[in-house]
Amino acid sequence: MSDPLPLPARRPSTAVPSGPGTPLPGSADLLRSVFRRHAAGVAVITAGGERPAGFTATSLASVSADPPAVSFGVASGSFSGRAVARAAHVGVHILGEHQEELAALFARGGADRFAPPTRWSAGPEGVPVLDGVQGWLVCRVISRTPVGGHCLVVARAVAGRVASDGRPLLYHQGRFNALRD
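Below is a summary of the structure that appears in this document. A quick note: this is a predicted structure, and the numbers were derived from the prediction, not measured.

Here the focus is the nonpolar core. Of all hydrophobic cores here, the largest spans 19 residues; its most connected members are Ile-45, Phe-55, Phe-72, Val-84, Val-90, Cys-139 and Val-153. Those elements that place two or more of their residues in this core are β2 (43-47), β3 (53-57), β5 (68-75), α2 (79-86), β6 (89-94), β9 (135-147) and β10 (150-162). Among the elements that line this core, the one with the most residues is β10, at four residues. Within the second largest apolar cluster, 16 residues are counted, among which are Ala-103, Val-127, Val-129 and Phe-176.

Cis geometry is adopted by the peptide bond preceding Pro-67, which originates at Asp-66 and carries an omega value of 5°. Assignment of secondary structure puts Pro-67 in the loop between β4 (61-65) and β5. Along the chain, Pro-116 connects to Pro-117 via a cis peptide bond; the corresponding omega equals 20°. Within the element layout of this structure, Pro-117 appears in the loop between α3 (100-107) and β7 (120-122). With a phi angle near 60°, Glu-125 is a residue other than glycine that sits in the positive phi range. Checked against the element boundaries, Glu-125 lands in the loop between β7 and β8 (128-130).

This part is about the side chain of Arg-113. Along the chain, the position of Arg-113 falls in the loop between α3 and β7. For Arg-113, which is buried and forms no salt bridge, the nearest opposite charge comes from Asp-112, at a distance of 8.1 Å. Polar contacts involving the side chain of Arg-113 include one to the main-chain carbonyl oxygen of Gly-54, which spans 2.5 Å. A polar atom in the side chain of Arg-113 sits 2.7 Å from the backbone oxygen of Arg-108. If we skip the residues at most four places from it in the chain, Arg-113 touches Gly-54, Phe-55, Ser-80, Leu-105, Phe-106, Ala-107, Arg-108 and Thr-118.

Calculation notes
Residues numbered from 1 in each chain as written. Predicted model: local features only at pLDDT ≥ 70, side-chain atom pairs only at ≥ 80, totals over all residues. Heavy atoms only, no water. Core = buried A, V, L, I, M, F, W, Y, C linked by side-chain atoms within 4.5 Å. Buried < 20%, exposed > 50% of the residue type's maximum accessible area, 1.4 Å probe, protein only. Helix = DSSP H or I, 4+ residues; strand = E, 2+ residues; numbered from the N terminus. Lys, Arg positive; Asp, Glu negative; His and termini not counted. Salt bridge = Lys/Arg side-chain N within 4 Å of Asp/Glu carboxyl O. Polar contact = N/O pair within 3.5 Å; in protein donor to acceptor, adjacent residues only side chain to side chain. Contact = heavy atoms within 4.5 Å.

Written as structure tokens, this is what we have:
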């Protein structure tokens, strides 16, 4: 048997290494840094009750088409998180690129999110439905799973409407953005 052919000598590189690099330990800072690079659609989740509640969410995901189900995360200790914990149904609203102010309002703590200029009405199951969104769903909550200081909610769509055309509002690098061609 013959010896294998020698490999060519490697030249030292002055380029910045690419690729995954040395992994860092998992942490909140690492997760935030990685997900700042992930463009996400912007939604507003609402819940009815004595005082309506709502919050801006970028964690919305389609879970299943049959049955039609979505998931999202909510801070457990927030007013909206407590309202979602009590709610049998929630509203899911997909925002358009023209609704940056609405997204900012529902993201701001302590704001009266349902006062003018917010336009909304009571929808199916008494869930607040926002006007002017690209589409909305009313969903029956089917599970809640605590994860750290948040709750992962899975909900099944029971009603909804595609309300308008247009481009979605996105969240990327810590700010709202529009889709570009």
